[in-house]
Every structure is written in structure tokens, then in C-alpha cells.
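Secondary and tertiary structure notes
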Amino acid sequence: ADDKKASGGGGGGDDDDDDDEESSEEEDAEEDENKEEEEEDDGPLYNPLNLPLGWDGKPIPFWLYKLHGLGVEYKCEICGNQSYWGRRAFDKHFQEWRHAYGMRCLGIPNTKHFHDICLIEDAVSLYSKLQSSVQGEQFDAAAEEEYEDSDGHVLNRKTYEDLARQGLL
């Protein structure tokens, strides 16, 4: 009986084996967590081309960068010389607040006519051209209003009134 107490068995030695298994499982779990932390925390990413980061926090592939044209810079003078990288970002910016505010400051409505117009001079000249074409298309009652006499002749307003004054109708 003394031999069993001295060896720490006290009741058969099965308890020591269970403790060893539990501790080894805990160590394995800690090692797995440490490996996951190491994988997540690799330190600074290798990104020599300064590619934008994707959803996973890593640089996007170069072929995708080229496909979306993210290497092309578009500047908009109306937005205060703001730079937009890629055609998609450039197209989306025409509906954003910065471009709308710049157009409002110029006194120009931010309509579809001004899509792809980035220079202030171009926007102002296009707006004046649109204004002149709208004025040319407006209905002028004195020149375009038509009257029909009793014989069925269609006359403009001025001619009709002249003939009516003379009593020829």
C-alpha cells in the first residue's frame, strides 16, 4: 500500500493518465490558436505596386487592377481637382454631393447633359449652348400662332389681324 502512495497512484494510477490527456488536448488547442493568430498577423503586407486592398484586407490581383482600369487617374475641375482612380469611380462621382455642389456653385443644374464634363469652362459653354437652343425652341405666339379664315386658309396671327382690319375676311 505504501508503494502505491509513494508513486502517487493512491487508487490505481488511472487518474494520472486522464490528467495527461486533458493537458495535452489543452496544449494542442493553444497551439492551434497561436498558429491562427500568426497567420492573421503576418505583419505588413508585401504590396510594391500599391494595389488597392480587397475585402479580405490583402491587395487585389494585378490582372483585376488592370481589368477595372484602376491605374487610370481622372481629375474633375468642378469637384475642386479631385482625383478618381478608375472609370467606375469617375462615372459614379457625377451623382455624388461634391460634383452636385460644384455645379450648383456655377449656377448650372446637374443634369445628364453634363455627364463626363469635368472642366468648368466646358460646363459653362455647354450650359450657354443649351440655354440658347432652349430659347430657340420656345413657342413664340406672335410668329407661330395660326388662324383659319372662313374659306379654310391657314394664316399666321399677324397676317390674319391685318386682313381682318382691312375687312377682307
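Residues numbered from 1 in each chain as written. Predicted model: local features only at pLDDT ≥ 70, side-chain atom pairs only at ≥ 80, totals over all residues. Heavy atoms only, no water.

1. Things to note about the confidence of the model for the protein chain
Close reading of the predicted structure is inappropriate where its pLDDT is low. Here the protein chain shows a mean pLDDT of 81. Residues at 70 or above account for 75%. Strand E1 (residues 73-76) holds the highest mean pLDDT among the elements of the protein chain, 96, whereas helix H1 (residues 2-7) holds the lowest, 51. (pLDDT = per-residue confidence, 0-100. Helix = DSSP H or I, 4+ residues; strand = E, 2+ residues; numbered from the N terminus.)

2. Some details on the pattern of salt bridges
Considering all chains together, one arrives at 5 salt bridges under this definition. Notably, a salt bridge pairs aspartate 116 with arginine 87, separated by 2.9 Å at the nearest N-O pair. Of this pair, aspartate 116 sits in the loop between helix H5 (97-106) and helix H6 (120-137) while arginine 87 sits in helix H4 (residues 87-92), and the two are 29 residues apart along the sequence. Among the residues examined, aspartate 116 registers a relative accessible area of 37% and is labelled partly exposed. With relative accessibility at 34%, the residue arginine 87 sits in the partly exposed group. (Salt bridge = Lys/Arg side-chain N within 4 Å of Asp/Glu carboxyl O. Buried < 20%, exposed > 50% of the residue type's maximum accessible area, 1.4 Å probe, protein only.)

3. Thoughts on the packing of aromatic side chains
Under the counting rule described, the total for this entry stands at 5 aromatic pairs. Aromatic pair tyrosine 74 and phenylalanine 90: ring centres 4.8 Å apart, planes at 20°, arrangement stacked. A residue pair is termed long-range when its members are at least 10 positions apart, and tyrosine 74 in strand E1 and phenylalanine 90 in helix H4 qualify at 16 residues. We classify tyrosine 74 as partly exposed; its relative accessible area is 22%. Residue classification places phenylalanine 90 among the buried residues on the basis of a relative accessible area of 3%. On the basis of an interplanar angle of 45° and a centroid distance of 6.5 Å, the ring pair of phenylalanine 114 and tyrosine 127 is categorised as tilted. Placement of phenylalanine 114 in the loop between H5 and H6 and of tyrosine 127 in helix H6 is noted, with a sequence separation of 13 residues between them. Judged by its relative accessible area of 25%, tyrosine 127 is partly exposed. Put simply, the rings of Tyr74, Phe90 and Phe94 touch in pairs and so form one group of aromatic residues. (Phe/Tyr/Trp six-rings, centres within 6.5 Å; stacked < 30°, edge-to-face > 60°.)

4. Things to note about the layout of surface pockets
Taken as a whole, the largest pocket spans an internal volume of roughly 190 Å³. In this structure, the largest pocket is lined by Pro52, Ile60, Leu64, His68, Leu70, Trp85, Gly86, Arg87, Arg88, Ala89 and Lys92. Top contributing element to the lining of the largest pocket by residue count: H4, with 4 residues. Among the residues making up the lining of the largest pocket, the classes are represented as 6 nonpolar, 2 polar and 3 charged. (1 Å grid on protein atoms, 1.4 Å probe; cavity = no way out; pocket = protein on both sides within 12 Å on 5 of 7 lines; lining within 4 Å. Points joined across faces, edges and corners; volume = space filled by probe spheres on them. Nonpolar A, V, L, I, M, F, W, Y, C, P; charged D, E, K, R; others polar.)

5. Quick look at the state of the cysteines
The tally for this structure, following the rule as stated, stands at 0 disulfides. The closest cysteine sulfur to the non-disulfide-bonded cysteine 76 is located on cysteine 79, 3.5 Å from its own sulfur. Since its relative accessible area comes to 0%, cysteine 76 is described here as buried. For cysteine 79, a relative accessible area of 7% translates into the label buried. (Disulfide = S-S within 2.5 Å.)

6. A short note on the environment of tyrosine 160
Secondary-structure assignment places tyrosine 160 in helix H8 (residues 157-166). Exposure remark for tyrosine 160: the relative accessible area of 25% places this residue in the partly exposed category. Setting aside chain neighbours within four positions, we find tyrosine 160 in contact with Tyr147, Glu148, Asp149, Leu155 and Leu169. (Contact = heavy atoms within 4.5 Å.)

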